[in-house]
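Single-letter residue listing:
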Amino acid sequence: MQRGNTIEDQSISITVDIEDWYHVPSVCGSPYSEFRDTVDFFSKWKDRYDYLTGPTMRTLDILDRFDVRATFFVVGEVVEHYPGLVEAISARGHEIACHSLRHPCIINPRTKEPAMDPEVFKAATLLAKRMLEKASGKKVIGYRAPNALISGWMIDALEEIDFEYDSSVNVNSFFHKTGSPVDDVTTIPYYPRRSSLSVGEKRGIVEFPWARFEAGVKIPAYGGPILRFLGSSIIL
Ligand SMILES: [Zn+2]
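Rules used throughout
- Residues numbered from 1 in each chain as written.
- Predicted model: local features only at pLDDT ≥ 70, side-chain atom pairs only at ≥ 80, totals over all residues.
- Heavy atoms only, no water.
- Donors = N, O, S within 2.8 Å, 3.2 Å for Na, K, Ca; no water.
- Helix = DSSP H or I, 4+ residues; strand = E, 2+ residues; numbered from the N terminus.
- Buried < 20%, exposed > 50% of the residue type's maximum accessible area, 1.4 Å probe, protein only.
- Pairing = 2+ DSSP bridges.
- Contact = heavy atoms within 4.5 Å.
- Patch = residues over 30% accessible without salt bridge, like charges linked within 9 Å, V, L, I, M, F, W, Y side chains within 5 Å.
- Areas by Shrake-Rupley, 256 points an atom, 1.4 Å probe, with all protein chains shown as cover.
- Salt bridge = Lys/Arg side-chain N within 4 Å of Asp/Glu carboxyl O.
- Phe/Tyr/Trp six-rings, centres within 6.5 Å; stacked < 30°, edge-to-face > 60°.
- Lys NZ or Arg CZ within 6 Å of the ring centre and 35° of its normal.

If you look the protein up in an unreviewed UniProt entry, it shows as Polysaccharide deacetylase, N-terminal from Methanocella arvoryzae.

Written out as structure tokens, the structure is:
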């Protein structure tokens, strides 16, 4: 129930991905991107690149107005390129979680094969975790895969480097990003089977699958593009 500017007697879970325009696959970090990765991008790009700070601060103000705390999945290199931003998000009471080091496609979106060696993935993700922990002053336990390209071997690796949850699996009737079977996945948190995204037994890492709207077909109910195409009625 909403009363005035506060939400009472109701729980709400909000996550925000903190990434910039050049993190999209057509610009950096995919087999078809303009720049090999964001290191390549920053070595060549001479114009303004910060379209992130202003909208993030406005988002923090909106969350404050409704007295809501959210989880922010932050690309690790944001700590380097936007000094003080992660500190500001954390200082206002929000959880800082990890959205990779530089937002590459870890699964090849075309072939669905790994686009990164598992040991390289683990090292880069652990570095991002440490950077975010240093900036926020808090332990980082959550992960979200760039472009939602997730696979079972990634969940296994995340567990090994001390993540406690992942939130990347999205099930809908229109697209399937990784090729791993997810027919038994609902919108309820679950423990994935090892080397799989299917539902398994209790283990050290839990998956929080994304929201969906059921209307005969499973419609994605998350994220900016879906909100822009379908409006807020299925998101809220
Ligand atoms: Zn992202």
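Colleague: Sorry, what's going on with the coordination of the zinc ion here?
Modeller: As a benchmark, a tetrahedral metal site with four donors has ideal angles of 109.5 degrees, while an octahedral site with six donors has ideal angles of 90 or 180 degrees. Glu-19 (OE), His-99 (NE2) and His-103 (NE2) make up the full set of protein donors to the zinc ion, lying at 1.9 to 2.1 Å. Summarised as a motif, the one-chain spacing of the donors to the zinc ion is E-x79-H-x3-H. Placement of Glu-19 in the loop between strand S3 (15–18) and helix H1 (38–44) and of His-99 in the loop between strand S5 (95–98) and helix H5 (118–136) is noted, with a sequence separation of 80 residues between them. Overall, His-99 belongs to the buried group, its relative accessible area being 1%.

Colleague: Explain the pairing of strand S4 (residues 71–74) here, please?
Modeller: In summary, the side chains of a regular strand alternate between the two faces of the sheet. Of the two faces of S4, the one holding Thr-71 and Phe-73 and the one holding Phe-72 and Val-74 are both buried throughout. Across four bridges, S4 lies against S5 in parallel orientation. Residue pairing across strands places Thr-71 opposite Glu-95, the latter belonging to S5.

Colleague: What is the right way to look at the environment of Glu-34 in this model?
Modeller: The residue Glu-34 is located in the loop between S3 and H1 in this model. Judged by relative accessible area, Glu-34 falls into the exposed class, the value being 64%. Residues Glu-34 and Ile-106, 72 residues apart in the sequence, show an inter-C-alpha distance of 17 Å. When neighbours within four sequence positions are excluded, Glu-34 is seen to be in contact with Ser-26 and Val-27.

Colleague: How should a nonpolar patch on the surface be read in this particular structure?
Modeller: Judged by side-chain polarity, Phe-174, Phe-175 and Val-217 come together as a nonpolar surface patch covering roughly 270 Å² of accessible area. Structurally, the position occupied by Phe-174 is in the loop between strand S7 (165–166) and strand S8 (206–207).

Colleague: What exactly am I supposed to notice about the packing of aromatic side chains here?
Modeller: Think of a pair of aromatic rings as described by two things: how far the centres are apart, and how the planes are tilted against each other in angle. The tally for this structure, following the rule as stated, stands at 18 aromatic pairs. Note on Phe-73 and Tyr-165: the rings are 6.4 Å apart at their centroids and 80 degrees apart in plane angle, and the pair reads as edge-to-face. With Phe-73 in strand S4 and Tyr-165 in strand S7, this pair connects stretches of sequence that are 92 residues apart. Where Tyr-165 meets Phe-208, the ring centres are 5.4 Å apart and the plane angle is 80 degrees; that geometry is what we call edge-to-face. Of this pair, Tyr-165 sits in strand S7 while Phe-208 is found in the loop between S8 and strand S9 (212–215), placing the two residues 43 residues apart along the sequence. The class for Tyr-165 is buried, based on a relative accessible area of 11%. One aromatic cluster is present, formed by Trp-21, Tyr-22, Phe-35, Phe-41, Phe-42, Trp-45, Tyr-49 and Tyr-82 through successive ring pairs. Geometry around Tyr-51 places Arg-48 over its ring, the cationic atom sitting 4.0 Å from the centre. Residue placement shows Lys-129 over the ring face of Phe-163; its charged tip is 5.4 Å from the ring centre.

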